[in-house]
Amino acid sequence: MIISRPKTIRGRLLMPGDKSISHRAAMFAALADGTSSITNFSTSADCAATLSCLKQLGVSIERENEGLLIIGAGIDGLRAPQAPLDCGNSGTTMRLLAGILAGQDFNSTLTGDESLRSRPMQRIIEPLQMMGASISSDGGRAPLLIHGHKGLNAISYELLIASAQVKSCILLAGLSAGGRTEVIENQTTRDHTERMLSSFGVQVQTGDAEREGENACVAAVNGPARLTAQRVSIPGDISSAAYFIAAAALIPGSSLEISNVGVNPTRVVFLERLRALGLNILVTNGREDNHEPVGVVRIEGPRKQRLGTPESPMTIGGLVVPQLIDELPLLAVVGSQIEGGIEIHDATELRVKESDRISTTAENLRAMGAVVEEFDDGLRVAGPARLRGAKIDPRGDHRIAMAFTVAGLFAEGETEIDDPDCVAVSFPEFFGLLESVIDR
């Protein structure tokens, strides 16, 4: 895919359904009593993997017009799969399904592609074993052989790593446990599971954990629990929108509107960081769908020549990192365009994503002429830099491919993105939508 600098970015867009919310909607509908209707379900390969696994577990899923009908099997109605469950490249599929399968009365195997099989799973194995499930793995990595156990033990578990996937895994296992299962987190992560469980009729308790002198929060469910089928409208994916937002906000003369997009408070820290730089981004929150806030994002190109401050970089670290984890490679690209650049710390989790996103981001920014210093837990990018077109190797990572497509919009000359099809993992429409709003 060849990318070159446009005059402006202008137009109106609708994003495909939010990937994180789509995973959960399908899984919860599968566990519910009755038939759920889901519209604007994500078109990503990751979410297709979730649907495929649910079908193998005996869940009836039908396409209806632009949506899905999922006939729930009930919390006890899943059946043993006849073959390993292939999660593709989707860590969300594997980690959340593991929580569901831990409480079943059959054995199952979760596997995936080479990338997914290299990613850490001990973080879910440990709490599920504490709850009574037996799990075999390849040194803490997939394939995972799950020996389900009816009537899991309820536990109180403090997250060792800030991860919405781990939190969700434990809460889903708690639906099949006897008593109160609670997860304590010291860093706030995405709360889509808590919101959607409430939408499906499960009582979820959330709030501050009772800890002296510490900022901690808790999410808890009481099991065994039952879910009730719902009509679910998935909002547009704000993480997908981020690439368009960054490009329009940094290219003078641009004007872009993205409607019906999810504006969950745990997902809009990226926008807050851009606004803090003086970028022209307006978010209006119009309504809630299934307890998720949905709104409109309007972006105008920059009104001043220089953004940021020469004396100090934009710094990202600490408690906000889990809420920015998907956007950090993109923020590194943005940092290359602002006075003072950007410095990112406390992001070692980036090294165990679809690629080592710290080293891949640093390598590709250097190829485009940026000055980058890499740390164990992040990187520093000097700015503003005059990027030049280069050949970009995203290492099969969809978010790297999209972040450096945005970088190509700022660069002099042409930027070539290798393996552009990898964006289909989360956003197969990406290049087509980008072309629709580029003004050359």
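Quick caveat: nothing in here was measured; it's all calculated off a predicted structure.

Asks: Break down the nonpolar core for me, with residues and values.
Replies: Within the largest apolar cluster, 78 residues are counted, with the highest numbers of intra-cluster contacts made by Phe244, Ile245, Ile258, Leu328 and Phe404. Here this core takes eleven residues from helix α8 (residues 238-250), the largest share from any one element. Non-local contacts of Phe404, meaning those with residues more than four positions away in its chain, are made with Val333, Thr361, Asn364, Leu365, Met368, Ile392, Thr415 and Ile417. With 69 residues, the next largest nonpolar core counts Leu51, Ile124, Leu227 and Ala229 among its residues.

Asks: Pulling in residues and values, what's your account of unusual backbone geometry?
Replies: The step from Ala142 to Pro143 runs through a cis peptide bond, and the omega angle for that step is 5°. Tracing the sequence through the fold places Pro143 in the loop between β9 (134-136) and β10 (144-147). Of note, the bond from Gly223 into Pro224 is cis; its omega dihedral lies within 30 degrees of zero at -5°. Within the secondary structure layout, Pro224 lies in the loop between β15 (217-223) and β16 (227-228). The phi dihedral of Arg395 is positive, around 55°, even though this residue is not glycine.

Asks: Could you give an account of the sheet that holds strand β4 (residues 35-39), with specific residues and numbers?
Replies: Reading across from one edge, β5-β6-β4-β17 is the order of the four strands in this open sheet, with mixed pairing throughout. The sheet is open, and its two edges are formed by β5 (60-64) and β17 (231-233), each paired on a single side. Averaged over all pairs of adjacent strands, the angle between strand axes in this sheet comes to 20°, irrespective of strand direction. Of the strand pairs in this sheet, β4 and β17 are connected by three bridges, and their pairing is parallel. In the strand pairing of β17, Thr39 is matched with Ser233.

Asks: Explain the packing of helix α1 (residues 19-31) against helix α7 (residues 192-199) to me, using residue names and the numbers behind them.
Replies: Here α1 crosses α7 at 35°, and the two axes come no closer than 10 Å. In terms of crossing hand, the pair formed by α1 and α7 is right-handed. For the pair formed by α1 and α7, the contact residues are Ser20, Ile21, Arg24, Ala25 and Phe28 on the first element and His192, Thr193, Met196 and Leu197 on the second. Looking at the contact of α1 with α7 residue by residue, the classes come out as five nonpolar, three polar and one charged.

Asks: Break down the environment of Ala225 for me, with residues and values.
Replies: Structurally, Ala225 is set in the loop between β15 and β16. Separated by 49 residues in sequence, Ala225 and Ser176 have C-alpha atoms that sit 6.8 Å apart. Non-local contacts of Ala225, meaning those with residues more than four positions away in its chain, are made with Ile75, Leu175 and Val202.

Asks: Break down the sheet that holds β9 for me, citing the residues and quoting the values.
Replies: The strand order across the open sheet formed by four strands is β7-β8-β10-β9, and the pairing between neighbours is mixed. Each edge of the open sheet carries a strand with a single partner, namely β7 (85-86) and β9. Across four bridges, strand β8 (residues 107-111) lies against β10 in antiparallel orientation. The residue of β10 that forms the bridge with Thr109 is Leu145. Contacting β7, β8 and β10, helix α3 (residues 91-101) crosses the sheet at an angle of about 175° to β8.

Conventions we followed
Residues numbered from 1 in each chain as written. Predicted model: local features only at pLDDT ≥ 70, side-chain atom pairs only at ≥ 80, totals over all residues. Heavy atoms only, no water. Core = buried A, V, L, I, M, F, W, Y, C linked by side-chain atoms within 4.5 Å. Buried < 20%, exposed > 50% of the residue type's maximum accessible area, 1.4 Å probe, protein only. Helix = DSSP H or I, 4+ residues; strand = E, 2+ residues; numbered from the N terminus. Contact = heavy atoms within 4.5 Å. Pairing = 2+ DSSP bridges. Axes fitted to C-alpha atoms, helices over the stretch in contact; angles between N-to-C directions. Left-handed = near helix turned anticlockwise from the far one by under 90°. Nonpolar A, V, L, I, M, F, W, Y, C, P; charged D, E, K, R; others polar.

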